[in-house]
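The chain contents come next:
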Amino acid sequence: MKDFLFDQPAARIVFGVGVSQRLGEEVQRLGARRPIFIATPGRRKYADEAARSLLNMTPALHAEAVMHVPIETVRAAREAAKRHDADCCIAFGGGSAIDLSKAVALDRGISILAVPTTYGGSEVTPFYGYTEGGIKKGVRDRKMLPKTVLYDPALTVSLPPSISGPSGMNAIAHCVEGLYAKNANPIMTLLATEGIRALARSLPVVVREPANLDARSDALYGAWLAGAVLGTVGMAVHHNISHVLGGTFNLPHANVHTIVLPHAAAFNREATPEAMHTIAEALGAQDAAQGIYDLVVRIGAPTALKDIGMPYEGLDRAAKLVAENPYYNPRPVEYDSVRQLLENAYHGKRPS
Ligand code: NAD
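Our subject in this report is the structure included herewith.

1. Focus: the overall build of the protein chain
Logical step 1: When helices and strands are counted, the protein chain shows 13 helices and eight strands.
Logical step 2: Its C-alpha atoms give the protein chain a radius of gyration of 19 Å, near enough to 20 Å, the size a compact globule of 352 residues would have.
Logical step 3: Counting only C-alpha atoms and orienting by the principal axes, one finds that the protein chain spans roughly 60 × 40 × 40 Å.
Logical step 4: The burial tally for the protein chain puts 57% of its 352 residues in the buried class.
Logical step 5: The contacts of the protein chain with a sequence gap of at least 6 include a subset with a gap of at least 24, amounting to 75%.
Logical step 6: Of the roughly 14600 Å² of accessible surface on the protein chain, 50% is carried by carbon and sulfur atoms.
Logical step 7: Counting 36 positive and 34 negative side-chain charges, the protein chain places the centres of these two groups 4 Å from one another.

2. Focus: the sheet that holds strand β3 (residues 60–62)
Logical step 1: The strand order across the open sheet formed by six strands is β1-β8-β5-β4-β2-β3, and the pairing between neighbours is parallel. Looking along the sheet, the strands with just one partner apiece sit at the ends: β1 (12–15) and β3. Across the sheet, the mean angle separating the axes of adjacent strands is 20 degrees when strand polarity is ignored.
Logical step 2: Helix-sheet contacts for helix α3 (residues 71–84) involve β2 (35–38) and β3, and the interaxial angle to β3 is about 170 degrees.

3. A closer look at a nonpolar patch on the surface
Logical step 1: Judged by side-chain polarity, Met1, Phe4, Phe6, Ile187 and Leu190 come together as a nonpolar surface patch covering roughly 570 Å² of accessible area.
Logical step 2: Note that Ile187 resides in helix α6 (residues 186–208).

4. Some remarks on the site of the ligand
Logical step 1: Near the ligand you find 24 residues, and of these Ser96, Thr117, Thr118, Thr125 and Lys136 are the closest.
Logical step 2: Between the ligand and Arg43, the relevant distance is 3.4 Å, taken from a nitrogen atom to a side-chain nitrogen or oxygen of the residue.
Logical step 3: A distance of 2.9 Å is found between an oxygen atom of the ligand and a backbone nitrogen or oxygen belonging to His68.
Logical step 4: For the ligand, the protein covers 88% of the area, taking 860 Å² as the surface of the free molecule.
Logical step 5: Here the element with the most residues in the shell around the ligand is helix α4 (residues 95–108); it accounts for four residues.
Logical step 6: Its residues placed into classes, the shell around the ligand shows seven nonpolar, 13 polar and four charged.

5. Looking at the packing of α6 against helix α7 (residues 213–232)
Logical step 1: Close contact between α6 and α7 brings their axes to 7 Å; oriented N to C, the two are set at 145 degrees. Helix-helix and strand crossings are classified by hand; for α6 and α7 the assignment is left-handed. Packed against α6, whose contacting residues are Met188, Leu191, Ala192, Glu194, Gly195, Ala198, Leu199, Arg201, Ser202, Val205 and Val206, the element α7 presents Ala215, Arg216, Asp218, Ala219, Tyr221, Gly222, Ala223, Leu225, Ala228, Val229 and Thr232 at the interface.
Logical step 2: A per-class count over the contact of α6 with α7 returns 14 nonpolar, four polar and four charged.

6. Concerning the packing of aromatic side chains
The description of an aromatic ring pair rests on the distance of the ring centres and on the angle between the ring planes.
Logical step 1: The full count for this structure, using the stated rule, is four aromatic pairs.
Logical step 2: With a centroid separation of 6.1 Å and 45 degrees between ring planes, the pair formed by Tyr128 and Tyr130 is classed as tilted.
Logical step 3: One cation-aromatic arrangement involves Lys102 over Phe127; the distance from NZ or CZ to the ring centre is 5.9 Å.
Logical step 4: Lying over the aromatic face of Phe267, Arg331 brings its terminal NZ or CZ to 4.0 Å of the ring centre.

7. Here we look at the environment of Tyr128
Logical step 1: Its place among the elements puts Tyr128 in strand β6 (residues 127–132).
Logical step 2: You can call Tyr128 buried: its relative accessible area is 6%.
Logical step 3: With 27 residues separating them along the chain, Tyr128 and Ser101 place their C-alpha atoms 9.1 Å apart.
Logical step 4: In contact with Tyr128, other than residues within four places in its own chain, are Arg78, Asp99, Lys102, Ala103, Lys137, Gly138, Val139 and Met144.

8. Some words on the state of the cysteines
Logical step 1: The full count for this structure, using the stated rule, is zero disulfides.
Logical step 2: Considering cysteine sulfurs only, Cys88 is the nearest to Cys89, which forms no disulfide, with 6.7 Å between them.
Logical step 3: Classification of Cys89 as buried rests on a relative accessible area of 0%.

9. Overview of the pattern of salt bridges
Logical step 1: All chains considered together, the criterion is met by 16 salt bridges.
Logical step 2: A salt bridge links Asp7 to Arg142; the nearest nitrogen and oxygen atoms lie 2.9 Å apart. Taken together, the positions of Asp7 in the segment before β1 and Arg142 in the loop between β7 (135–140) and β8 (148–151) put the pair 135 residues apart, joining distant regions of the chain.
Logical step 3: A relative accessible area of 46% means that Arg142 is categorised as partly exposed.
Logical step 4: If you follow the salt bridges from partner to partner, you end up with Asp316, Arg339 and Glu343 in one network.

10. What about helix α10 (residues 273–283)?
Logical step 1: For α10, every residue scored as buried is listed here: Ala275, Met276, Ile279, Ala280, Ala282 and Leu283. In a view along the axis of α10, the buried residues occupy a sector of 165 degrees, so they form one face of it. Of the exposed residues in α10, those oriented more than 90 degrees away from the buried face are Pro273, Glu274, His277 and Glu281.
Logical step 2: Taken together, the buried residues of α10 touch α5 (161–179), α6, α9 (253–267) and α11 (288–298).
Logical step 3: Once α10 finishes, Gly284 follows within two positions and takes phi at roughly 70 degrees, a positive value.

Thresholds, definitions, all that
- Residues numbered from 1 in each chain as written.
- Predicted model: local features only at pLDDT ≥ 70, side-chain atom pairs only at ≥ 80, totals over all residues.
- Heavy atoms only, no water.
- Helix = DSSP H or I, 4+ residues; strand = E, 2+ residues; numbered from the N terminus.
- Rg over C-alpha atoms; globule rule 2.2 N^0.38 Å.
- Buried < 20%, exposed > 50% of the residue type's maximum accessible area, 1.4 Å probe, protein only.
- Contact = heavy atoms within 4.5 Å.
- Areas by Shrake-Rupley, 256 points an atom, 1.4 Å probe, with all protein chains shown as cover.
- Lys, Arg positive; Asp, Glu negative; His and termini not counted.
- Charge placed at Lys NZ, Arg CZ, Asp CG, Glu CD.
- Pairing = 2+ DSSP bridges.
- Axes fitted to C-alpha atoms, helices over the stretch in contact; angles between N-to-C directions.
- Patch = residues over 30% accessible without salt bridge, like charges linked within 9 Å, V, L, I, M, F, W, Y side chains within 5 Å.
- Salt bridge = Lys/Arg side-chain N within 4 Å of Asp/Glu carboxyl O.
- Near = heavy atom within 4 Å.
- Polar contact = N/O pair within 3.5 Å; in protein donor to acceptor, adjacent residues only side chain to side chain.
- Nonpolar A, V, L, I, M, F, W, Y, C, P; charged D, E, K, R; others polar.
- Left-handed = near helix turned anticlockwise from the far one by under 90°.
- Phe/Tyr/Trp six-rings, centres within 6.5 Å; stacked < 30°, edge-to-face > 60°.
- Lys NZ or Arg CZ within 6 Å of the ring centre and 35° of its normal.
- Disulfide = S-S within 2.5 Å.
- Arc of directions from axis to C-beta.

Written out as structure tokens, the structure reads:
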């Protein structure tokens with residue numbers, strides 16, 4: 001066994017159908033009385049209902065979160081929290097709401113309680129991304145790790161297949177890269193493997209029967225494991241490319257992950273045979289890259305960058321941005337090989 005360091009940032013996890021009904025007692029547990037709910041406009045109605053359910057508290061609602069967290073939205077949310085004199089953030093929604101909450105909570109030195117409604121995993125990671133001048137940047141600080149997470153599968157039933165599928169693939173991407181991370185460790189390898197298994201078996205059911213609570217629970221469980229992996233070990237070329245495509249070309253985050261992942265796995269195939277074997281086995285496939293691609297097709301998620309608004313002439317720039325500022329990756333990250341990976345992802349070819 002290789003030497004390792006295990007240093008996991010951890011939160012209080014409350015998991016189960018209906019646990020969001022316990023929001024009031026969990027906010028009280030944090031000693032807060034003036035929480036600010038942060039949500040995307042699409043979740044406003046539900047965040048508002050949750051805010052009204054809080055007794056003996058003065059909640060506020062800021063439902064202006066936007067994907068990739070443009071810096072202007074950070075300023076506006078911080079201002080709203082200041083006006084309300086908020087003593088806690090309730091991040092209600094997907095990664096966009098949770099990342100924005102982190103930017104607010106770190107600024108004010110207050111806690112976050114997260115109620116995630118997608119499979120992105122941000123609720124258990126100590127960092128957030130934001131965009132400024134067309135570049136996606138990151139801030140890392142353990143102080144903004146949510147103190148409590150309420151995972152309620154009932155809140156995910158309303159996710160349409162077009163969001164559930166890609167969001168679940170985003171979670172699988174955290175597991176895949178966690179298996180070949182520079183600082184991989186045996187516990188995260190267990191979590192990543194189990195995360196892939198749980199998501200691979202539940203996502204086809206989730207997109208076919210969105211109201212199936214067993215499958216929703218399984219998927220959310222897998223998403224939690226995936227988020228824990230993302231928050232603990234480093235990510236590699238797949239996340240590197242996805243951040244550039246999302247931040248610079250404003251493409252939908254989870255769809256980008258879905259499309260790029262099979263090609264990133266093929267890119268690293270020879271450099272990480274052990275991880276590839278684990279991924280393939282967890283997917284019930286012969287080959288990791290092909291198994292991921294086939295799962296994407298099975299759940300009806302997009303397979304080609306050209307179908308989600310990526311301009312072909314942007315591929316050169318994207319490859320350049322990745323090669324100029326590469327994350328650790330088991331195989332060297334160079335312009336030509338990344339450009340080829342992007343070409344394959346643009347056309348959505350099944351990895352050979
Ligand atoms: P999102 O939060 O942007 O949500 C996508 C859409 O789904 C939104 O329109 C939202 O209103 C809607 N939605 C959310 N929950 C719903 C539900 N239950 N039912 C119906 N609709 C619902 O999507 P995301 O992919 O979770 O988040 C993407 C953002 O999160 C990006 O900015 C990404 O960088 C960030 N992110 C951060 C981390 C981290 O660890 N910091 C991890 C993953 C993603």
